[in-house]
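# An overview of the molecular structure
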Amino acid sequence: MISVKGIEKSFFGKKVLQGVSFEVSEGSIYGLIGKNGAGKTTLMKIMTGLLGADAGSCFFGKEECRIGYLPDLPGFYEYLTTDEYLDFLLFDKNPIRRNKLLEMVSLAPGLRIKTMSRGMRQRLGIAAVLVNDPQVVLLDEPTSALDPAGRSDVKEILLRLKKEGRTIILSTHILADMDSICDRAGFLHNGVIVREVDMNENRESAAGMVIRFASEPDLKTLSGYINPIYKVDPLTIRLDFSKENKQESQQNILKGLSVLPQEITSIRTTEQSLDQIFREVCQ
Amino acid sequence: MSEGLICCMKKDIRECVRSGKVILFAAMVAGIGLMIMAFTFIFSDIPEALWSQLPGFDIDSLEELISTMYPKMVRENIGVFSYYIGFFFSLVVVLVIHGILTRERDNGKWILPVEQGYNRMDFLGSKILVYGTLSGGCVLAGYLLYFVFACSFMERNMSFGHALFCGVIHALNLFFIVAYTLLLSLLYPTPVLSAVSVIATVILVPDVAGYFAAGKYLPTYLLSFVYDSSDRYGDVAVPLMFNITILAILWVVVSNREDKS
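Because the structure is predicted, anything quoted here is derived from the model rather than measured. Counting starts from 1 at the beginning of each chain's written sequence and moves along it residue by residue. Lettering for chains starts from A, numbering for ligands starts from 1, and both go in the order in which the items are written. Only residues with pLDDT of 70 or above have their local features reported here, since the model is predicted, and side-chain atom pairs are shown and tallied only from 80 upward, although totals for entire chains, interfaces and linings are computed over all residues. Values shown for side chains rest on all heavy atoms present in the structure; no hydrogens or waters enter the calculation.

### Examining the overall build of chain B
Put simply, the test is: Counting from the N terminus, the helices are the DSSP runs of H or I reaching at least four residues and the strands are the DSSP runs of E reaching at least two. For each residue, the accessible area found with a 1.4 Å probe, counting protein chains only, is set against the maximum for its type, and the residue is called buried under 20%, exposed over 50%, and partly exposed in between. Whether two residues are in contact is decided by their heavy atoms, any of which lying within 4.5 Å being enough. Note that accessible areas follow from Shrake-Rupley with a 1.4 Å probe, and for residues the cover is restricted to the protein chains shown. Note that His is not counted, nor are the chain ends; the positive residues are Lys and Arg, and the negative ones are Asp and Glu. To locate a charge, the coordinates of NZ of Lys, CZ of Arg, CG of Asp or CD of Glu are taken.
A tally of regular secondary structure across chain B gives 11 helices and 0 strands. Reading the secondary structure of chain B in the N-to-C direction produces α-α-α-α-α-α-α-α-α-α-α. Seen along its three principal axes, the alpha-carbon backbone of chain B occupies a region of about 75 × 40 × 35 Å. Per-residue burial over chain B gives 48% buried out of 261 residues. Across chain B, every contact between residues at least 6 apart in sequence was considered, and the portion connecting residues at least 24 apart equals 75%. Summed over its atoms, the accessible surface of chain B is roughly 12,200 Å², and 69% of this surface lies on carbon and sulfur atoms. Of the charged side chains in chain B, 17 are positive and 21 negative, and the gap between their average positions amounts to 13 Å.

Right, here's the structure in full:
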């Protein structure tokens, strides 16, 4: 279990982190979400020891825990090739491990780094971070500035690393990526973690319903039972459950639907998206 | 030598070769050598040519001027070559290298290697050794080649041993210039300041210091020694020790600063 408690950090008198606390279970992927400038990179640098905190502590579960950190837009020696760069990080001692790392991230040896795309560089960065076989991997915006194919490749690698039992903490402002791979997410706002979401629970618990009718529904009658009603298209509406009283709002929806003469062709529930949570919490 | 330093040097050697710096430095030295050699022979014909066109022209003072600027004796001529190397070649070297360390640091290239156990001073030490040896090596090779060619076309008044000694001293000059530039680039707020201070020192101090008796003991005297193709070998001892001491002090200061950061 990684335990971060009360991390505080100021720059030139301005408090960036004001007591950040969260925990990450071993072998899981934790996502750190926040607006640009929220302090995600600062927090990660503090966790890796690159920056000192003004207060607070970070415990990685054991004394001798190997940590790998990949910064946002990592710098590489452009004139080296992929294998030469990993050999450099391995102190020229382990060509077998170098080949294994390249295979893990699907990169060929002999590629000049200068000619590589952003996606390939990000994969090389992940390989570089894995050189010392870390138990905990911290990734700062690993998928930003990548195209959809690049993001998919990186996400695949991260899920593979999770399967190997590594603990991963990644920061991002791309919520769709967070949604698809993280087990838990923490929203960093105003220097603290304002909300944590268990992604698996969030996916299971419904936030509303999307209902499709065979013909245009009588929304005036329905609005007597539930408000607001969001029109997705002429035949489809979306209804959100009340946060305060979910059960009551579900009952009202069913009552309203039962008095409508129009035939219902499909009903499905929707979970509260990270986007909705982000807007609620961080703005 | 630490493992980290050796690996950094291999990396930097690759960088020097693949980025074309080896070719640039070698070409510069060769270019300067060809230029001095060409000027020596072209300019030495000018007074005679002028006299044939303008019979009343006073060629004696012009001949004297040209023989001072581009003498036709090996020892004096190679001194001119050394001066141009000290002026132009070191200017180019400083301009090429002054920002390489700070650019690497600021672009985050050190983060991943430091995570794996590299020391920041490995990066500095490697750059000094590789670029210092590259520039010094080009100068030594250029100096000796120039000596060989000059002996074929000019009056020889310098032994090979003397040329070798001066060549090694001039190579050391470039080594020290590279080392100071890189060390100061990590100390000053911007690497441009380090370039300016090194270039100003190399260009101005040897000439100014020549007017003072104590100038012989300054670190920059090694440049004046080579420009004059001096054979007073003992005179290099104090400036050499001075340079080594200043380098050691700068190394310790930079090392402490990097440790703190």
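### A few points about the overall build of chain A
The helix and strand tally for chain A stands at 10 helices and 13 strands. Projected onto the principal axes, the alpha-carbon positions of chain A cover approximately 75 × 45 × 30 Å. Classification of the 283 residues of chain A by burial places 48% in the buried group. Considering only residue pairs separated by 6 or more positions, chain A has 69% of its internal contacts joining residues 24 or more positions apart. As displayed, chain A offers around 13,500 Å² of accessible surface, 48% of which is attributable to carbon and sulfur atoms.

### So, the layout of surface pockets
What counts, and what does not: Using protein atoms alone on a 1 Å grid, points that fit a 1.4 Å probe yet trap it form a cavity, whereas open point sets bounded by protein on both sides within 12 Å along at least five of seven lines form a pocket; residues with an atom within 4 Å of a point count as lining. Grid points are joined across faces, edges and corners, and a volume is the space filled by probe spheres set on the points. Under the scheme applied, nonpolar residues are Ala, Val, Leu, Ile, Met, Phe, Trp, Tyr, Cys and Pro; charged residues are Asp, Glu, Lys and Arg; polar residues are all the others, including Gly.
In this structure, the largest pocket encloses a volume near 510 Å³. Counting only elements with at least two residues in the lining of the largest pocket, the list comes to helix 1 (40–48) and strand 5 (67–70) of chain A together with helix 5 (100–106) and helix 6 (111–115) of chain B. The residue makeup of the lining of the largest pocket, split by class, is 7 nonpolar, 4 polar and 6 charged.

### Examining the sheet that holds strand 2 (residues 14–24) of chain A
Strand pairing in a sheet takes place through backbone hydrogen bonds and is either antiparallel or parallel in direction. Residue and element names in this part refer to chain A. Spelled out, the test is: Paired strands, in this sense, are two strands between which DSSP finds at least two bridges. To obtain each axis, a line is fitted to C-alpha atoms, and for helices this fit is confined to the stretch in contact; angles are then taken between N-to-C directions over 0 to 180 degrees.
Judged by pairing direction, the sheet is antiparallel, and its 3 strands sit side by side in the order 2-1-4 without closing on themselves. Strand pairing shows two members of the sheet lacking a second neighbour, strand 2 and strand 4 (55–59), which therefore form its edges. For this sheet, the mean angle separating the axes of adjacent strands, direction not counted, is 20°. Examined bridge by bridge, strand 1 (residues 2–11) and strand 4 share 4 bridges and lie antiparallel to one another. Pairing of S3 across the sheet is with F59, part of strand 4.

### Describing the interface of chain B and chain A
Just so we agree on the cut-off: Accessible-area loss on putting two parts together, using a 1.4 Å probe and summing over both, is the definition of buried area adopted here. Put simply, a salt bridge is a Lys or Arg side-chain nitrogen that is within 4 Å of an Asp or Glu carboxyl oxygen. Pairing of N or O atoms within 3.5 Å defines a polar contact, subject to two protein rules: one partner must be a possible hydrogen donor and the other a possible acceptor, and residues neighboring in sequence count only if both atoms are side-chain atoms.
Taken together, the 23 residues of chain B in the interface contact 26 residues of chain A. Overall, the association of chain B and chain A removes approximately 2,100 Å² of surface from exposure, summing both partners, and the carbon and sulfur fraction of that is 62%. Where chain B meets chain A, there are 4 salt bridges. Our enumeration of links across chain B and chain A arrives at 10 residue pairs in polar contact (both at pLDDT 80 or more). Ranked by residue count, the leading element in the side of chain B that touches chain A is helix 1 (residues 3–18) of chain B, at 9 residues. Residue composition of the side of chain B that touches chain A, grouped by class: 8 nonpolar, 6 polar and 9 charged.

### Some details on the confidence of the model for chain A
To keep things clear, this is the line we draw: pLDDT is a per-residue confidence score from the predictor, ranging from 0 to 100.
Here chain A averages 86 in pLDDT, and 94% of its residues register 70 or above. For chain A, the element scoring lowest by mean pLDDT is helix 7 (residues 199–204) of chain A, at 65; helix 2 (residues 82–89) of chain A scores highest, at 96.

### Regarding the nonpolar core
Formally: Here, nonpolar core means buried Ala, Val, Leu, Ile, Met, Phe, Trp, Tyr and Cys residues that are tied together by side-chain atoms lying within 4.5 Å of each other.
With 116 residues, the main nonpolar core has Y85(A), L86(A), L170(A), F81(B), F89(B) and L124(B) as its most contacted residues. Top contributing element to this core by residue count: helix 8 (residues 160–187) of chain B, with 15 residues. Non-local contacts of L124(B), meaning those with residues more than four positions away in its chain, are made with L101(B), L182(B), L183(B), L186(B), W251(B) and V254(B). Among the nonpolar cores identified, the runner-up in size contains 23 residues, and M47(A), V136(A), L138(A) and I169(A) belong to it.

### Topic: the confidence of the model for chain B
With 96% of its residues at a pLDDT of 70 or more, chain B shows a mean pLDDT of 89. For this predicted complex, the interface confidence comes out at an ipTM of 0.85, alongside a pTM of 0.81.

### Let's talk about the pattern of salt bridges
Applying the stated rule across the entire model yields 26 salt bridges over all chains. A salt bridge links E8(A) to K15(A), with the shortest nitrogen-to-oxygen separation between them at 3.4 Å. K15(A) gets classed as partly exposed once you look at its relative accessible area, which sits at 41%. A salt bridge links E84(A) to R14(B), with the nearest nitrogen and oxygen atoms 3.3 Å apart. Pair noted here: E84(A) is in helix 2 and R14(B) is in helix 1, and the two residues belong to different chains. Using a relative accessible area of 12% as the deciding quantity, one classes E84(A) as buried. Within the structure, one salt-bridge network assembled from shared partners comprises K11(B), D12(B), E15(B), E104(B) and K127(B).

### Quick look at the packing of aromatic side chains
To keep things clear, this is the line we draw: The pairing test for Phe, Tyr and Trp rings, Trp by its six-membered ring, is centres within 6.5 Å, and the orientation test on the planes gives stacked under 30 degrees, edge-to-face over 60, and tilted for anything in between. Criterion for a charge above a ring: Lys NZ or Arg CZ within 6 Å of the ring centre, and within 35 degrees of the ring normal.
In the structure shown here, the tally under the stated rule is 23 aromatic pairs over all chains. Between F91(A) and Y118(B), the ring centres sit 4.3 Å apart and the planes meet at 10°, which makes this aromatic pair stacked. With F91(A) in the loop between helix 2 and helix 3 (95–104) and Y118(B) in the loop between helix 6 and helix 7 (120–153), this pair bridges two chains. Y118(B) matches F91(A) in its accessibility class, with the two residues each being buried. Centroid distance F175(B) to F176(B): 6.3 Å. Interplanar angle 80°. Geometry classified as edge-to-face. One aromatic cluster is present, built from ring pairs that chain together F76(A), Y77(A), Y85(A), F88(A), F91(A), W110(B), Y118(B) and F123(B). Here the basic side chain of R238(A) rests over the ring of Y230(A), its NZ or CZ set 4.4 Å away from the ring centre. Directly above the ring of Y77(A) sits K11(B), whose terminal nitrogen or CZ lies 3.9 Å from the centroid.

### A look at a nonpolar patch on the surface
Residue and element names in this part refer to chain B. The criterion, for reference: Residues enter patches when they are more than 30% accessible in relative terms and free of salt bridges; like-charged ones are connected within 9 Å and nonpolar ones (Val, Leu, Ile, Met, Phe, Trp, Tyr) within 5 Å.
Taken together, the side chains of Y217, L218, V238 and F242 define a hydrophobic patch exposed on the protein surface, amounting to about 340 Å² of accessible area. Note that L218 resides in the loop between helix 9 (191–209) and helix 10 (221–227). Judged by its relative accessible area of 32%, L218 falls in the partly exposed class.

### Side note on the environment of R14(B)
Note on R14(B): relative accessible area 31%, which makes it partly exposed. Apart from the residues within four sequence positions on either side, R14(B) is in contact with L80(A) and E84(A).

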